[in-house]
Structure formats: structure tokens, C-alpha cells
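What follows is the residue order along each chain.
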Amino acid sequence: MINRLTNQQTQTLTNINVCASALSFTGSGFIVLCYLLFKELRKFSFRLVFYLSLSDMLCSFFNLLGNPGKGFLCYVQGYTTQFFSVASFLWTTTIAFTLHRTVVRHKTDVEELESIFHLYVWGSSLIMTVIPSIGNDYGQAGAWCWVQSSTKPVKVLRFVTFYFPLWGAILFNGLVYLQVIRMLTYATRMVAGMSDRQRQVEAKADFKAMNRWGYYPLILIGSWMFGTINRIHDFVAPNEPIFWLYCLDIGTAALMGLFNSFAYGLNAFVRRTLRGKLQQCWPERYKCWQLGFMKVEESVEESEMATLQEEQK
């Protein structure tokens, strides 16, 4: 039980964790399933999204254990939560790096870096997971199992092995997307006065893509801001827990997989692929309704596809 929180409050936090994790498991599992079922999606850029979603799905799956108490399952939840949470935000940095290398630097060799990406993500995640185990610091952390928070040195260890790398990833992603957006803004202004219709269409697509990319760093910030604030507060005032802050901490962190599945997974290329599959099995009597819906979808997707074609190479 979390210090100074009642059993009922602790159980409420566990329930929030399980419910939010179930949503994330569903969202990330859907992206994983789409990648496995549809060969059209098995391109390099979406393969990175697949690895991200797989990490989110596995993290959410073990969170569904709720509060397993002490014993083997507690250690399993603690290790896997640490490993796959770190892997998740590290995969977002590889996506940001890939986008920057293709859009800003105009390089086409990113697919050759996939093995390095795996070494970087899984290797770093393993190191950040093993370090707390050296002092046997995994176990009951309140309403779930993770790195324990019984002493200040262990709380510092949480920051070193999780929150410092996390905010490093957020800073990296933010700087990368800022450079991408700045470059595309300049390119959009350059073609704004041109009479070439095709270039104007591409400029509008780039502008809408900028709006979408601008939300990517906000996902990590929104998912872990309350958790970071809560950890700092717990470090400074361990005997004065704030229940509503714990609720926001647990809820937003557990929903990260769902947020990632919407932002990274359900892009225009994925929606178009799914629409094509649905058209093949759509009942004939609903064709008229389907056509009207598809026209609305196409108007949204056209604004994204031009830029995505560069990413999907």
C-alpha cells in the first residue's frame, strides 16, 4: 500500500491502471494485428511503428495483472513494465530520427540502420532494467509492482533509470520535430507563390503533416508529466501523498499505448489499406452509404499521403 493512502484508494489506483491498460492493449494490439495481417503495411517506417506498438502492447498486458502482491508475478510485472516502457519511448526517438533523416537531410539509407535501432532500443532497455535488479529493488510499489520507493536512494534510482532517459527522449523528439517543421515551413513559403498546382497541393499536404507531427512529442509529455511531478513530490514530501495526482499519474501513463496507436499507427496509409480491405467484404446493400463515407475519408487522407510517400520508402 502507498504510504498514507487507504486500502480503498490503493485499490482505486489499481483499477485505474487495469482499465487504462486494457484500452492501450486494445489500441496497440490492433496496430500489431494490422501489421501482421496486411503485407501492404510491412514497410520500414511502419515497421518501426509496429515495434513501438508491440512494446506498448506487452507493457499493457503485464499491467493487466493489476496488483499481484508479492512473489513471482510481482517480479515479472516489475521487470516487464520497466523494460517495455523504456523500449516504447525509445522507439519514438527512432521514428523521429528516421523522419529527420529522410525529410530534412534527404537520406535514403535509414532502412540500413534497423539493426542499430534494435541494438539501441533493446540494449538500452535491458540496461535500464538490469540496474535496479542489482540491489534487488523490484517489488511492491504501492498499487502495482515496479521499482520500489521505500528509500531515497531507490527513488533516485527511479529517476536515473527511467525519468532522466524519458525526458531526454522527449527533448530529442521535440528538437527533431522542430527542425522538420521549420524546414517544411520554409519550403511551403517558397512554393506558395508558384503557379504550379501540384506543388501547391504538396505544400498543403506538408502543412497538414506538420500539424500532425507537432503532436508527437506532446504524447510523451502528456503521458508522463503527472508521473514525473508525482515522483518529485514523493521525493520531497514522502508522507504527504496527493491522491488525485496519483490518479492522473497512473491513468495517463497507462494510456500511452492508446495515444501512440492513434498518433503513429492510424495514419492515412493505414486507413487507406483498411478501407480497401473493408471494400472487398462490404455488403452490397450498404454500398451507397459506404461511398459517401469514403469520400469524406478521402478528403482527409489526401492531405497526408504526399508526405507519407516519402516516409514509406
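Residues numbered from 1 in each chain as written. Predicted model: local features only at pLDDT ≥ 70, side-chain atom pairs only at ≥ 80, totals over all residues. Heavy atoms only, no water.

Colleague: Looking at this structure, how should I read the overall build of the protein?
Modeller: Counting its secondary structure elements, the protein contains eleven helices and two strands. Each helix (α) and strand (β) of the protein, taken in turn from the N terminus, gives the series α-α-α-α-β-β-α-α-α-α-α-α-α. Among the 313 residues that make up the protein, the fraction classed as buried is 49%. When contacts within the protein are restricted to residue pairs at least 6 apart in sequence, those whose partners lie at least 24 apart make up 74%. Of the roughly 15600 Å² of accessible surface on the protein, a fraction of 66% belongs to carbon and sulfur atoms. (Helix = DSSP H or I, 4+ residues; strand = E, 2+ residues; numbered from the N terminus. Buried < 20%, exposed > 50% of the residue type's maximum accessible area, 1.4 Å probe, protein only. Contact = heavy atoms within 4.5 Å. Areas by Shrake-Rupley, 256 points an atom, 1.4 Å probe, with all protein chains shown as cover.)

Colleague: Is there a simple way to think about the pattern of salt bridges in this case?
Modeller: Any two side chains of opposite charge can pair if their charged atoms end up close together. Applying the stated criterion across every chain, the model contains five salt bridges. The closest approach of N and O atoms between Glu-111 and Arg-47, which form a salt bridge, is 3.4 Å. Here the residue Glu-111 occupies a position in the loop between helix H3 (72-104) and helix H4 (114-134), and Arg-47 occupies one in helix H2 (residues 44-63), the gap between them amounting to 64 residues. Relative accessible area serves as the criterion here: at 42%, Glu-111 is assigned to the partly exposed category. Between Glu-114 and Arg-47 there is a salt bridge, and its shortest N-O distance comes to 2.8 Å. One end of the pair, Glu-114, is in helix H4; the other, Arg-47, is in helix H2, and 67 residues separate them in sequence. For the pair shown, Glu-114 and Arg-47 are each scored as buried. One salt-bridge network, in which partners are shared between bridges, spans Arg-47, Glu-111 and Glu-114. (Salt bridge = Lys/Arg side-chain N within 4 Å of Asp/Glu carboxyl O.)

Colleague: In this structure, what is going on with helix H9 (residues 256-265)? I would like to understand it.
Modeller: Side chains of residues three or four places apart in an α-helix project in the same direction, reflecting 3.6 residues per turn. Within H9, eight of the ten residues are buried, which leaves the element mostly enclosed by the surrounding structure. Of the positions making up H9, those classed as buried are Met-256, Gly-257, Leu-258, Asn-260, Ser-261, Ala-263, Tyr-264 and Gly-265.

Colleague: Is there a simple way to think about unusual backbone geometry in this case?
Modeller: A negative phi angle is the norm for most residues apart from glycine, just as the trans form is the norm for most peptide bonds. Backbone geometry at His-106 places phi at a positive 55 degrees, although glycine is not the residue there. Mapped onto the elements, His-106 comes out in the loop between H3 and H4. By relative accessible area, His-106 is classed as exposed at 60%. The phi angle at Asn-136 is positive, at roughly 55 degrees, despite the residue not being glycine. Along the chain, Asn-136 turns up in the loop between H4 and strand E1 (138-140).

Colleague: Looking at this model, I keep getting lost on helix H8 (residues 243-254). Mind explaining?
Modeller: With twelve residues, H8 should reach 16 Å at 1.5 Å per residue; the first-to-last C-alpha distance of 17 Å fits that figure. Counting buried residues in H8 gives nine out of twelve residues, a clear majority hidden from the surface. Those residues of H8 that are buried are in contact with helix H1 (7-37), helix H7 (216-236) and H9. (Expected span 1.5 Å × (residues − 1).)

Colleague: Explain the state of the cysteines to me, please; I cannot follow it from the model alone.
Modeller: By definition, a disulfide links the sulfur atoms of two cysteines through a covalent bond. Enumeration over the complete set of coordinates arrives at one disulfide. Linked covalently through their sulfurs, Cys-74 and Cys-145 form a disulfide whose S-S length is 2.1 Å. The sign of the S-S torsion, about -110 degrees, decides the handedness of the disulfide formed by Cys-74 and Cys-145: left-handed. Of the two residues, Cys-74 is situated in helix H3 and Cys-145 in strand E2 (residues 145-147); the sequence distance between them amounts to 71 residues. (Disulfide = S-S within 2.5 Å.)

Colleague: Mind showing me how you'd approach the side chain of Thr-252 here?
Modeller: For Thr-252, the position within the fold is in helix H8. A polar contact is formed between the side chain of Thr-252 and the backbone oxygen of Ser-223, at a distance of 3.2 Å. What Thr-252 contacts, discounting residues up to four positions off in sequence, is Gly-222, Ser-223, Phe-226 and Phe-259. (Polar contact = N/O pair within 3.5 Å; in protein donor to acceptor, adjacent residues only side chain to side chain.)

Colleague: Is there a simple way to think about the packing of H1 against H8 in this case?
Modeller: The geometry of a pair of packed helices is captured by two quantities: the angle between their axes and the separation between those axes. Relative to each other, H1 and H8 sit at 20 degrees, their axes nearing to 8 Å. The pairing of H1 with H8 is recorded here as roughly parallel in orientation. In this structure, H1 crosses over H8, and the sense of that crossing is right-handed. Contact residues: Gln-9, Thr-12, Leu-13, Ile-16, Asn-17, Ala-20, Ser-21 and Ser-24 in H1; Phe-243, Tyr-246, Cys-247, Ile-250, Gly-251 and Ala-254 in H8. For the contact of H1 with H8, the per-class residue count stands at eight nonpolar, six polar and no charged. (Axes fitted to C-alpha atoms, helices over the stretch in contact; angles between N-to-C directions. Parallel < 35°, antiparallel > 145°, perpendicular 65-115°, else oblique. Left-handed = near helix turned anticlockwise from the far one by under 90°. Nonpolar A, V, L, I, M, F, W, Y, C, P; charged D, E, K, R; others polar.)

Colleague: What is the right way to read the environment of Trp-167 from this model?
Modeller: Checked against the element boundaries, Trp-167 lands in helix H5 (residues 152-192). A C-alpha to C-alpha distance of 9.6 Å links Trp-167 and Phe-89, two positions 78 residues apart in sequence. Other than its neighbours up to four places away in sequence, Trp-167 contacts Ile-221, Trp-224, Met-225 and Thr-228.

Colleague: Just checking my understanding: could you explain the confidence of the model for the protein for this structure?
Modeller: As a general rule, the predicted coordinates of low-pLDDT regions are not to be interpreted in detail. When the pLDDT values of the protein are averaged, the result is 82; 80% of them are 70 or greater. This model gives residues 289-308 a pLDDT under 50, and the stretch forms 33 contacts once residues within four places in sequence are excluded. (pLDDT = per-residue confidence, 0-100.)

Colleague: Please clarify how the side chain of Thr-81 should be interpreted in this entry.
Modeller: Within the element layout of this structure, Thr-81 appears in helix H3. Here Gln-77 takes part through its backbone oxygen, which lies 2.7 Å from a polar atom of the side chain of Thr-81. Ignoring sequence-local partners within four residues, the contact set of Thr-81 consists of Cys-59, Asn-63, Cys-145 and Trp-146.

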